[in-house]
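Here is how the chains run, residue by residue.
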Amino acid sequence: MTAFWTEPDYDDHELVQLVRDEARGLTAIIAVHSSHLGPGAGGTRVWHYAQPKDAMRDALRLSRGMSYKNAMAGLPMGGGKAVILADKDRTKTDAMLHAFADKVEALGGQYVTAADVGISEGDIVTMSQRTSYVSGLPIAAGSTGGGDPGPSTSLGIYQGIKAAVRHKLGHDSLKDVHIAIQGTGSVGGGVARLAAKDGARLTLADINQDGVKALADELDGEVVAPDAILSTTCDVLSPNALGAILNEDSIPQLSTTIVAGGANNQLARAGQGALLAERDILYAPDYVINAGGIISVATEYLCRRDGVPCKIEDVHARIAQIPARLEEIWAEASKSSLPSDVIADKMAQTLIGR
Ligand code: NAD
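Below is a short write-up of the structure. (Residues numbered from 1 in each chain as written. Predicted model: local features only at pLDDT ≥ 70, side-chain atom pairs only at ≥ 80, totals over all residues. Heavy atoms only, no water.)

## Comments concerning the overall build of the protein
Step number 1: The helix and strand inventory of the protein stands at twelve helices and twelve strands.
Step number 2: Taking the principal axes of its C-alpha atoms as reference, the protein extends roughly 55 × 45 × 40 Å.
Step number 3: Taken across its 354 residues, the protein has 53% of its residues classed as buried.
Step number 4: As displayed, the protein has an accessible area near 15,100 Å², and 51% of this comes from carbon and sulfur atoms.
Step number 5: Counting 32 positive and 43 negative side-chain charges, the protein places the centres of these two groups 2 Å from one another. (Helix = DSSP H or I, 4+ residues; strand = E, 2+ residues; numbered from the N terminus. Buried < 20%, exposed > 50% of the residue type's maximum accessible area, 1.4 Å probe, protein only. Areas by Shrake-Rupley, 256 points an atom, 1.4 Å probe, with all protein chains shown as cover. Lys, Arg positive; Asp, Glu negative; His and termini not counted. Charge placed at Lys NZ, Arg CZ, Asp CG, Glu CD.)

## Examining the environment of Gly 211
Step number 1: You can see Gly 211 is positioned in helix H6 (residues 209-219).
Step number 2: Sequence separation between Gly 211 and Gly 185 is 26 residues, and the spatial gap between their C-alpha atoms is 8.4 Å.

## Remarks on the site of the ligand
Step number 1: Looking at the ligand, there are 19 residues lining it, with Thr 153, Ser 186, Val 187, Asp 206 and Ala 241 nearest.
Step number 2: Backbone polar atom of Ser 186 to an oxygen atom of the ligand: 2.9 Å apart, as the coordinates give it.
Step number 3: Asn 264 has a polar side-chain atom sitting 3.0 Å from an oxygen atom of the ligand.
Step number 4: In the complex, the protein chains occlude 70% of the 830 Å² of accessible area that the ligand would expose alone.
Step number 5: Elements that contribute at least two residues to the shell around the ligand include exactly helix H4 (150-169) and helix H5 (186-197).
Step number 6: Split by residue class, the shell around the ligand holds eight nonpolar, ten polar and one charged. (Near = heavy atom within 4 Å. Polar contact = N/O pair within 3.5 Å; in protein donor to acceptor, adjacent residues only side chain to side chain. Nonpolar A, V, L, I, M, F, W, Y, C, P; charged D, E, K, R; others polar.)

## Observations concerning helix H2 (residues 94-106)
Step number 1: Taking 1.5 Å as the rise per residue, H2 with 13 residues should run 18 Å; its terminal C-alpha atoms sit 18 Å apart, in good agreement.
Step number 2: Buried residues of H2: Met 96, Leu 97, His 98, Ala 99, Phe 100, Ala 101 and Val 104, and no others.
Step number 3: Looking one or two places after H2, you find Gly 108, whose phi comes out positive at around 65°. (Expected span 1.5 Å × (residues − 1).)

## Let's talk about the packing of aromatic side chains
Step number 1: Counted under the stated rule, the structure contains three aromatic pairs.
Step number 2: Between the aromatic rings of Tyr 68 and Tyr 287, the centroid separation amounts to 6.1 Å while the plane-to-plane angle is 55°, which identifies the pairing as tilted. In this pair, Tyr 68 is assigned in helix H1 (residues 52-72) and Tyr 287 in helix H8 (residues 286-289), connecting sequence segments 219 residues apart. We note that Tyr 68, like Tyr 287, is buried. (Phe/Tyr/Trp six-rings, centres within 6.5 Å; stacked < 30°, edge-to-face > 60°.)

## What to know about unusual backbone geometry
Most peptide bonds take the trans form, and the phi angle of most residues other than glycine is negative.
Step number 1: Backbone geometry places Asp 176, a non-glycine residue, at a positive phi of 65°.
Step number 2: Of note, Asp 176 is situated in the loop between H4 and strand E7 (178-182).
Step number 3: With phi around 60°, Asp 220 is a residue other than glycine that occupies positive phi space.
Step number 4: One can find Asp 220 in the loop between H6 and strand E9 (222-223).

## What about the sheet that holds strand E8 (residues 201-205)?
Step number 1: Pairing in this open sheet of six strands is parallel, and the strands run E9-E8-E7-E10-E11-E12 from one edge to the other. Of all the strands in the sheet, just E9 and strand E12 (282-283) have a single pairing partner and so form its edges.
Step number 2: With two bridges connecting them, strand E10 (residues 236-239) and strand E11 (residues 258-259) associate as parallel partners. Paired with Val 236 across the bridge in E11 is Ile 258. (Pairing = 2+ DSSP bridges.)

## Looking at empty space enclosed by the protein
Step number 1: Going through the model one piece at a time under the given rule, you end up with one cavity of 30 Å³ or more.
Step number 2: Here the largest cavity defines a volume of roughly 40 Å³.
Step number 3: For the lining of the largest cavity, the element with the highest residue contribution is helix H9 (residues 292-306), accounting for four residues.
Step number 4: Grouping the constituent residues of the lining of the largest cavity by class yields eight nonpolar, three polar and no charged. (1 Å grid on protein atoms, 1.4 Å probe; cavity = no way out; pocket = protein on both sides within 12 Å on 5 of 7 lines; lining within 4 Å. Points joined across faces, edges and corners; volume = space filled by probe spheres on them.)

## Here's the deal with the packing of H1 against helix H12 (residues 340-351)
Step number 1: Viewed as axis vectors pointing N to C, H1 and H12 meet at an angle of 85°, and their least axial separation amounts to 9 Å. It follows that H1 is roughly perpendicular to H12 by the angle criterion. Here H1 contributes Tyr 68, Ala 71 and Met 72 to the contact with H12, which in turn contributes Ala 344, Asp 345, Met 347, Ala 348, Gln 349 and Leu 351.
Step number 2: Here the residues of the contact of H1 with H12 sort into seven nonpolar, one polar and one charged. (Axes fitted to C-alpha atoms, helices over the stretch in contact; angles between N-to-C directions. Parallel < 35°, antiparallel > 145°, perpendicular 65-115°, else oblique. Contact = heavy atoms within 4.5 Å.)

## Observations concerning the layout of surface pockets
Step number 1: What the second largest pocket holds in volume is close to 250 Å³.
Step number 2: Around the second largest pocket sit 15 residues that line it, and Ala 277, Ile 281, Leu 282, Trp 330 and Ala 333 are the ones nearest its centre.
Step number 3: Counting only elements with at least two residues in the lining of the second largest pocket, the list comes to H4, helix H7 (273-278), E12 and helix H11 (322-336).
Step number 4: Considering only residue class, the lining of the second largest pocket consists of nine nonpolar, four polar and two charged.

## Let's talk about the pattern of salt bridges
Step number 1: Under the criterion given, the structure shown has 23 salt bridges.
Step number 2: A salt bridge links Arg 325 to Glu 328; its shortest N-O distance comes to 3.3 Å. Within this pair, Arg 325 and its partner Glu 328 are both found in helix H11, separated by three residues, close to a single helical turn.
Step number 3: Bridged by salt links that share partners, the residues Arg 45, Asp 58, Arg 61, Lys 81 and Asp 116 form one connected network. (Salt bridge = Lys/Arg side-chain N within 4 Å of Asp/Glu carboxyl O.)

Given below as structure tokens:
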């Protein structure tokens, strides 16, 4: 592994630590980008990386992303992320998770972990046997908030879509607004159900054909093939599956006026928000609109730390601020003629003192 501080994604990260426990099968990287606003918070990813430098790149890039996301969500948390370098089968053992949790505990709260790709709620419970710097645990007795972050992510996206429709189309409701949803899993399925309640017209796509068909039947929506969803003519395109779906090839094919969805890293490359702006497509920066999940996880963590029950009303109150944040970004974007993704990054950098 080359010196991490010479990596292009190194951005004055405060902590980058290789954590190894050979006996318990652990090799991981913990990165804290900024603790300006609070402890570095962000999930742990379990992934098989072809090269160690790919793992380092993910840790550096994702932890910086968490600094931006947490700051824009108004959370008293900094940005952190961990990656566990797994074998090809992404084997996890309790011993490995305990070894990882011991390393998190040893950081004394500099880094607070949660679930990301490859980590289940059960894994979080296993980690919690060794560290208190973990969140996303099943809803505790006496609490109404916390647990699976999916529904909170969906709620924030739904509210963000409403804000975008108000801003761009001048409608106060989603009635008869046509929303095309890519990915109808935990997040996309939740967005679809909330939008359907408001009378939105839905077109859905997922590689899980049975699941998407069942949801379309439930919500009276239409199904299109996964490769047709991005070019579906609609009012709102809501990507809720994969990253990097907005690129030089796909953006010219979009037939929408708004892109607002929960998938992380929708723009294949920084600066491609300009291609959307050139086409007069309103873009809701992904890490702003999809912050409902981290809002839930962080609120749960702060409540447990302070020994008070986590109330769903408090989670919802923070999520309700997502539309105002988006409005702020879009207003600044039209004033400055810069794309909304660039404006969001600038606002986040100011909030974290960079
Ligand atoms: P999920 O696994 O529950 O759902 C993803 C869905 O996308 C699945 O149904 C899958 O079949 C489908 N899919 C995969 N490839 C596809 C393709 N090519 N075309 C159409 N559908 C495809 O995951 P999720 O938790 O709903 O997360 C969705 C996205 O939102 C991810 O990018 C994730 O990083 C992001 N996100 C999730 C949360 C959360 O709280 N779960 C929070 C923030 C961001």
